[in-house]
Amino acid sequence: MNFFDLRWDIVWNYRDLFLRGIWVTVSLTICGYLGGLILGILLGLGKTSKSKWIYWPSKIYVDLFRGTPMLVQILIIHLAVIPSIFGQSYGYMVSGIAALILNSAAYVAEIIRAGIQSIDKGQMEAARSLGLTHSKAMVKVILPQAFRRMIPPLGNEFIALLKDSSLVTVIAANDILYASKVVVGAYQRFWEPYLVAAALYLILTYIVTKLVAYIEKRFSNHYNPRKRRSRKLDHPQNNDEGRTAV
Amino acid sequence: MIKIKNLHKSFGNLEVLKGIDYEVQEKEVVCVIGPSGSGKSTFLRCINLLEEMTDGEIYIDDVKVNDPKTNINEIRTEVGMVFQQFNLFPHMTVIENITMAPIQVRKMAKKDAEKLALELLDKVGLREKAYNYPDQLSGGQQQRVAIARALAMKPKIMLFDEPTSALDPEMVKEVLDVMKQLAEEGMTMVIVTHEMGFAREVADRVIFMDGGYIVEEGHPEEVFGHTQNERTKAFLGKVL
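Summarised in this report is the structure supplied together with it. (Residues numbered from 1 in each chain as written. Chains lettered and ligands numbered in written order. Predicted model: local features only at pLDDT ≥ 70, side-chain atom pairs only at ≥ 80, totals over all residues. Heavy atoms only, no water.)

Further remarks concern the overall build of chain A. A count of helical and extended segments in chain A gives 10 helices and zero strands. When the helices and strands of chain A are placed in sequence order, the string is α-α-α-α-α-α-α-α-α-α. Looking at the 246 residues of chain A, the share that counts as buried comes to 41%. Per element, the accessible surface of chain A, about 13600 Å² overall, is 65% carbon and sulfur. (Helix = DSSP H or I, 4+ residues; strand = E, 2+ residues; numbered from the N terminus. Buried < 20%, exposed > 50% of the residue type's maximum accessible area, 1.4 Å probe, protein only. Areas by Shrake-Rupley, 256 points an atom, 1.4 Å probe, with all protein chains shown as cover.)

Below, the structure written as structure tokens:
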């Protein structure tokens, strides 16, 4: 094939399929991520627990889902787990979201655990010495600090999940990659459809990268929406008005 | 006010405290001195159960601290602690650092807690820093905020774990001055310190610890002035 002889019109003809693919990929990723976040926070806290009845199940779960390929997990969940439990399949969306939740929870759990354990022990001691209970110290002192450190790796996890969501094409989910494969099948041309798929994923991950950078900035101590433009001029010794209004 | 009986503490096979008996009276200022590794900090941390003791008993106001029935959180509200590394909460402003525990634990109204915090900041001379974050403060200022934070719970006892050891030399005095003022106001204080001049001037009693024991205990003039103990003499010879 002549490299310069690309025919983008064949992709354009299938634009509806690609638009639907973007929609499927984004909704799969967001649902899987949010579910994974909730489950992952519980597992991450579980991995910092002193009780072996909480620690070991959390650890085994994380090891299991981090130690096996996501592709295998998707196939097992779609073809074995869901039909066995419910007696029928509920389609790629349910299986896909379930697989993404269960998989990302394991990675999120590790981020949460590492974030909590990265906070200096003195912080917990100071909070406890003031009479706070362990859980109150966790909520008021440890987690807010740990959360800030977790933002970049949680953003990475979102990007990784967005890309890994392409694996659901194996259970016939019509995501971005699926649209490309349809075009490939129709025209027997490989460059255009797969390049378009790559470009679409790239655009999506780029948007997420920007979003994470913004969130990171937003949660820093020194963010002040009222004085955003003059932030660089702030002398550390100065009070900025935004904060003094209590 | 604090009664310590036969206190033992081991970390694994390492026995750090080998039987400490001591009593701190109300309004007394006790300075604990001794070489590093002698168990001074561990001794202090056992008093509010930041370290779990291996054996022995501690009573604060005749309440047994290491009793499973005792609510340790309640005890800790009465015992303020100041750390070597300050341990301010970096995600909160100075005033939030101070008001957090009164609001969360004492259920004080936010307004009252802030009024109290500003009074305490006046006391440590940092009112103008109320709305700054800890990382915008010098070490000495951070430690004074940490003292204010502990005082906000209106504790009966204050514990200081080497409060000036992490400070640049020129900032030591501002922290010691605040502590001196507290002592003059009649606060009961136990201070682990390497500031011998401060201990001699402010302490009512001085404890010299070495190897997990209290080697010598007495009025600062006795200990610093004319000790008969060879180990105390050797230690003071090196640091004075």
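And the narrative resumes.
Moving on, we come to the pattern of salt bridges. Here the structure, examined in full by the defined rule, presents 20 salt bridges over all chains. For Glu110(A), the salt bridge is made with Lys47(A), and the minimal N-O distance between the two is 2.7 Å. Of the two residues, Glu110(A) is situated in helix H5 (residues 91-117) and Lys47(A) in helix H2 (residues 15-47); the sequence distance between them amounts to 63 residues. Lys3(B) is paired through a salt bridge with Asp62(B); the nearest N and O atoms lie 3.6 Å apart. Remark: Asp62(B) occurs in the loop between strand S4 (55-60) and strand S5 (63-64) and Lys3(B) occurs in strand S1 (residues 2-11); sequence separation between them is 59 residues. In this structure Asp62(B) comes out as exposed when scored by relative accessible area, which is 60%. (Salt bridge = Lys/Arg side-chain N within 4 Å of Asp/Glu carboxyl O.)

In this complex, chain B contributes 33 residues to the contact, which on the side of chain A involves 27 residues. For the pairing of chain B and chain A, the buried interface totals around 2600 Å² over both sides, and the portion due to carbon and sulfur atoms is 52%. Looking at the side of chain B facing chain A, the largest losses of area belong to His91(B), Tyr131(B) and Gln136(B), adding up to 23% of the total buried there. On inspection of chain B and its partner chain A, the count reaches one salt bridge. The shortest N-O distance in the salt bridge between Arg45(B) and Glu125(A) comes to 2.6 Å. In this assembly, chain B and chain A are joined by six residue pairs in polar contact (both at pLDDT 80 or more). Of all the secondary structure elements, the ones that give two or more residues to the side of chain B that touches chain A are helix H2 (72-78), strand S6 (79-82), helix H3 (94-104), helix H4 (110-123) and helix H5 (139-151) of chain B. Residues belonging to the side of chain B that touches chain A are distributed by class as follows: 15 nonpolar, nine polar and nine charged. (Contact = heavy atoms within 4.5 Å. Buried area = accessible area lost by both parts, 1.4 Å probe. Polar contact = N/O pair within 3.5 Å; in protein donor to acceptor, adjacent residues only side chain to side chain. Nonpolar A, V, L, I, M, F, W, Y, C, P; charged D, E, K, R; others polar.)

One broad trend across soluble globular proteins is that nonpolar side chains are buried collectively. Counting 74 residues, the largest nonpolar core has Ile2(B), Leu7(B), Phe43(B), Ile58(B) and Ile60(B) as its most contacted members. Broken down by element, the residue count for this core peaks at 11 residues, all from helix H7 (residues 134-164) of chain A. Not counting the four nearest positions on each side in its chain, Leu7(B) is found in contact with Leu17(B), Lys18(B), Gly19(B), Ile20(B), Phe43(B), Cys46(B), Met53(B), Asp55(B), Gly56(B) and Ile58(B). If you look at the next biggest cluster of nonpolar residues, it comprises 51 residues, including Ile98(B), Ala117(B), Leu151(B) and Met179(B). (Core = buried A, V, L, I, M, F, W, Y, C linked by side-chain atoms within 4.5 Å.)

Our focus in this paragraph is the packing of aromatic side chains. Following the criterion strictly, the structure yields seven aromatic pairs over all chains and no others. Judged by centre distance (4.8 Å) and plane angle (80 degrees), the ring pair of Tyr33(A) and Phe158(A) falls under edge-to-face. With Tyr33(A) in helix H2 and Phe158(A) in helix H7, the pair connects residues that are 125 residues apart, well separated along the chain. Pairing Phe86(A) with Tyr90(A) gives two aromatic rings, centres 5.6 Å apart and planes at 80 degrees, and the pair type is edge-to-face. Using a relative accessible area of 43% as the deciding quantity, one classes Tyr90(A) as partly exposed. Positioned above the aromatic ring of Phe11(B) is the side chain of Lys9(B), whose terminal nitrogen or guanidinium carbon lies 4.7 Å from the ring centre. Here the basic side chain of Arg149(B) rests over the ring of Phe89(B), its NZ or CZ set 4.5 Å away from the ring centre. (Phe/Tyr/Trp six-rings, centres within 6.5 Å; stacked < 30°, edge-to-face > 60°. Lys NZ or Arg CZ within 6 Å of the ring centre and 35° of its normal.)

All names here are of chain B. Unusually for a residue other than glycine, Leu49 sits at a positive phi of about 60 degrees. When you line up the elements, Leu49 lands in the loop between helix H1 (40-47) and S4. By relative accessible area, Leu49 is classed as buried at 19%. Of note in this structure, Asp62 is not a glycine but carries a positive phi near 65 degrees.

Glancing now at H5(A). Its 27 residues give H5(A) an end-to-end C-alpha distance of 40 Å, which sits within 8% of 39 Å, the value for a rise of 1.5 Å per residue. At Ala105(A), H5(A) shows its strongest bend, of approximately 25 degrees. (Expected span 1.5 Å × (residues − 1). Bend = angle between axes of the 7 residues up to and from the residue.)

All right, on to the environment of Val79(B) then. Here Val79(B) shows up in strand S6. Owing to a relative accessible area of 0%, Val79(B) belongs among the buried residues under this scheme. In this structure the C-alpha to C-alpha distance between Val79(B) and Thr188(B), which are 109 residues apart in sequence, comes to 9.7 Å. Not counting the four nearest positions on each side in its chain, Val79(B) is found in contact with Ser129(A), Asn48(B), Ile60(B), Pro155(B), Ile157(B) and Leu159(B).

Attention shifts here to the pairing of strand S2 (residues 14-24) of chain B. Residues and elements named next belong to chain B. Across eight bridges, S1 lies against S2 in antiparallel orientation. Bridging from a neighbouring strand, Lys3 pairs with Glu23 of S2. Here S1 folds back onto S2 in antiparallel fashion, the turn holding two residues, of which Gly12 has a positive phi close to 60 degrees. (Pairing = 2+ DSSP bridges.)

Next up on the list: the sheet that holds S5(B). Residue and element names in this part refer to chain B. Spatially, four strands are ordered S2-S1-S4-S5 in an open sheet, and the strand pairing comes out antiparallel. Single-partner strands in this sheet number two, and they are S2 and S5. Pairing between S4 and S5: two bridges, direction antiparallel. Looking at S5, one finds that Ile60 is bridged to Val63. Along the sheet, H1 contacts S1, S2 and S4; its crossing angle with S1, the most-contacted strand, is approximately 120 degrees. (Axes fitted to C-alpha atoms, helices over the stretch in contact; angles between N-to-C directions.)

With that settled, consider the packing of H5(B) against helix H6 (residues 169-184) of chain B. Residues and elements named next belong to chain B. Taken N-terminus to C-terminus, the directions of H5 and H6 make an angle of 20 degrees; their axes are 8 Å apart at the nearest point. Judged on the interaxial angle alone, H6 and H5 are roughly parallel. Crossing angle aside, the handedness with which H5 passes H6 is right-handed. The residues of H6 that touch H5, namely those facing Gly139, Gly140, Gln141, Gln143, Arg144, Ile147 and Leu151, are Met171, Glu174, Val175, Val178, Met179 and Leu182. (Parallel < 35°, antiparallel > 145°, perpendicular 65-115°, else oblique. Left-handed = near helix turned anticlockwise from the far one by under 90°.)

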